[in-house]
Amino acid sequence: MKPRLLVMREIDHHFLDYLSNYFETDYQPSFSREQFLTSLESAQAILNYGIKIDEELIQHAPRLKLVSNISVGYDNFDIAAMKKAGIIGTHTPNVLNDCVVDLTFGLMLNTSRRISELASTIKRKKWIIKDDVNYYGLDVHHKKLGIIGLGRIGEELARRAKLGFSMDVSYYNRRKKSELENENILWKPLDQLLEESDFVVLLTPLTEETRNLMNASKFEKMKKTAIFINMSRGATVDEKALYNALKNHDIYAAASDVFVHEPINNDNPLLELDNFTATPHIGSATQETRNAMTKLAIENTIEVLINGKMQNVVPELQMLLK
């Protein structure tokens, strides 16, 4: 008898056809909570995007053995609860690296050259030729880029910054990557990185150690001409501190693809600022990349649940397969 797989995300039908070779598939791209809880009772695996896997959910899923995230992040996993219940979790690293870096550079260019702000000026019929100096922005090329959290995405960002924009790149990470020194991508203490960088890009995962990592004291260390970009998770930044830094012009500009509350609250004061750019958590949001992520999540599900292999199991849960 095929294991029962609950699919909680809209995916292309050719993926469903493929899944039918291995699983009895319960496809619920839209669902009520009552339907969801009922389906959980018989599910042995979940193909998941963003649903919190916590004790409450696990109590309704007595047969659950695997949750396969269609994402590289897995802060939706309650690791302790999953470990206690013997539930394995997988994610989809690598396949979204280039896509996220594309958006990161888009936000760097947008904030430095004030693209969204000045496009709005034209649409509001406020373009005045004599105000040219008031439309000045900042260069990106040959500037100093500081990356906080140099994982796979950070490494790709660093290399592209050097190759495409001739930037001077440094990073802060828990572990120094000595192999990058030959590429002149250098580790620096966090405070030094913040003080020297023209662009600071946050790419660290959300953990208790990184929650509110960027707070008032960190923004105070940055240059007044510096730009901050958050591509990690919303809760890694103290949003009130970021607002104050931008409002008081302690930093030049900022952009974020992620927020503490998603969708962002309409009354979030950051949205009032011309020197802040927001995007709706679209780091991997292209058809090509999302299909690649879905494909890998499906492969993870088959390899782990059917073949018992350690494919993209999150590190904290790997002991469940040993």
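Anything mentioned here points back to the structure above.
What counts, and where the lines are drawn
Residues numbered from 1 in each chain as written. Predicted model: local features only at pLDDT ≥ 70, side-chain atom pairs only at ≥ 80, totals over all residues. Heavy atoms only, no water. Axes fitted to C-alpha atoms, helices over the stretch in contact; angles between N-to-C directions. Helix = DSSP H or I, 4+ residues; strand = E, 2+ residues; numbered from the N terminus. Parallel < 35°, antiparallel > 145°, perpendicular 65-115°, else oblique. Left-handed = near helix turned anticlockwise from the far one by under 90°. Contact = heavy atoms within 4.5 Å. Nonpolar A, V, L, I, M, F, W, Y, C, P; charged D, E, K, R; others polar. Core = buried A, V, L, I, M, F, W, Y, C linked by side-chain atoms within 4.5 Å. Buried < 20%, exposed > 50% of the residue type's maximum accessible area, 1.4 Å probe, protein only. Patch = residues over 30% accessible without salt bridge, like charges linked within 9 Å, V, L, I, M, F, W, Y side chains within 5 Å. Areas by Shrake-Rupley, 256 points an atom, 1.4 Å probe, with all protein chains shown as cover. Salt bridge = Lys/Arg side-chain N within 4 Å of Asp/Glu carboxyl O. Pairing = 2+ DSSP bridges. Right-handed = clockwise from strand over helix to strand, strands pointing away.

Where do I start with the packing of helix α5 (residues 97–113) against helix α7 (residues 152–165) in this structure?
The description of two packed helices rests on the angle between their axes and on the distance between the axes. Orientation of α5 relative to α7, taken along the N-to-C sense of each, is 55°, at an axis distance of 9 Å. Accordingly, the angle class assigned to the pair α5 and α7 is oblique. Note that α5 runs across α7; the crossing there is right-handed. Here Asn97, Asp98, Val100, Val101, Asp102, Thr104, Phe105 and Leu109 of α5 come into contact with α7, specifically with Arg152, Ile153, Glu156, Leu157, Arg160, Ala161 and Phe165. In terms of residue class, the contact of α5 with α7 is built from eight nonpolar, two polar and five charged.

For this particular structure, what's the right way to read the nonpolar core?
Core analysis: the biggest nonpolar cluster contains 68 residues, and Leu19, Leu47, Met108, Leu145 and Ile147 have the highest contact counts within it. In terms of residues, this core owes the most to one element, α5, which gives six residues. Formed by 24 residues, the second largest nonpolar core is a distinct cluster that contains Leu193, Met214, Met222 and Ala254.

I'm lost on a nonpolar patch on the surface in this one. Help?
Taken together, the side chains of Ile122, Trp127 and Ile129 present a nonpolar region at the surface, about 380 Å² in accessible area. In this fold, Ile129 is placed in the loop between α6 (115–123) and β6 (144–148).

Would you explain the pairing of strand β11 (residues 253–256) in this entry?
Consecutive side chains along a regular strand alternate between the two faces of the sheet. In β11, alternate side chains face the same way, and those of Ala253 and Ala255 on one face and Ala254 and Ser256 on the other are all buried. Summarising the sheet, strand β10 (residues 227–230) and β11 pair through four bridges and their orientation is parallel. Bridged to Phe228 within β11 is Ala254. On the question of chirality, the crossover connecting β10 to the parallel β11 by way of helix α10 (residues 239–247) is right-handed.

Explain the pattern of salt bridges to me, please; I cannot follow it from the model alone.
Two side chains that carry opposite charge are able to pair once their charged atoms sit near each other. Scanning the entire structure with this criterion turns up 17 salt bridges. Across the pair Asp75 and Arg233 runs a salt bridge, and its minimum N-O distance is 2.9 Å. Linking Asp75 in the loop between β4 (66–69) and α4 (79–85) with Arg233 in the loop between β10 and α10, this pair joins segments that are 158 residues apart in sequence. The residue Arg114 makes a salt bridge to Glu117 at a minimum N-O spacing of 2.9 Å. Looking at Arg114, the relative accessible area reads 16%, which means it is buried. Residues participating in the shared-partner salt-bridge network are Asp98, Asp102, Glu156 and Arg160.

What exactly am I supposed to notice about the sheet that holds strand β5 (residues 88–90) here?
With respect to topology, five strands assemble into an open sheet ordered β2-β1-β3-β4-β5, the strand pairing being parallel. A strand with exactly one partner marks an edge of an open sheet, and here the two such strands are β2 (24–27) and β5. Between one strand axis and the next, the sheet turns through 20° on average, direction left out of account. Bridge count for strand β3 (residues 45–48) against β4 is four bridges, and the pairing is parallel. Note that in β4 the partner of Leu47 across the bridge is Ser68. Contacting β1 (4–7), β3, β4 and β5, helix α11 (residues 287–306) crosses the sheet at an angle of about 155° to β4.

How should I be thinking about the sheet that holds strand β9 (residues 199–202) in this particular structure?
Each strand in a sheet pairs with another by means of backbone hydrogen bonds, the pair being arranged parallel or else antiparallel. Strand order in the open sheet formed by seven strands is β8-β7-β6-β9-β10-β11-β12, and the pairing between neighbours is parallel. What marks the edges here is a single partner per strand, and that holds for β8 (186–187) and β12 (276–278). Here three bridges tie β11 to β12, and the two strands are oriented parallel to one another. Each residue of the ladder has a partner; that of Ala255, found in β12, is Thr277. Taken strand by strand, α5 contacts β6, β9, β10, β11 and β12, and its axis lies near 150° from that of β10. Set on the sheet, α10 makes contact with β10, β11 and β12; between it and β11 the angle comes to about 145°.

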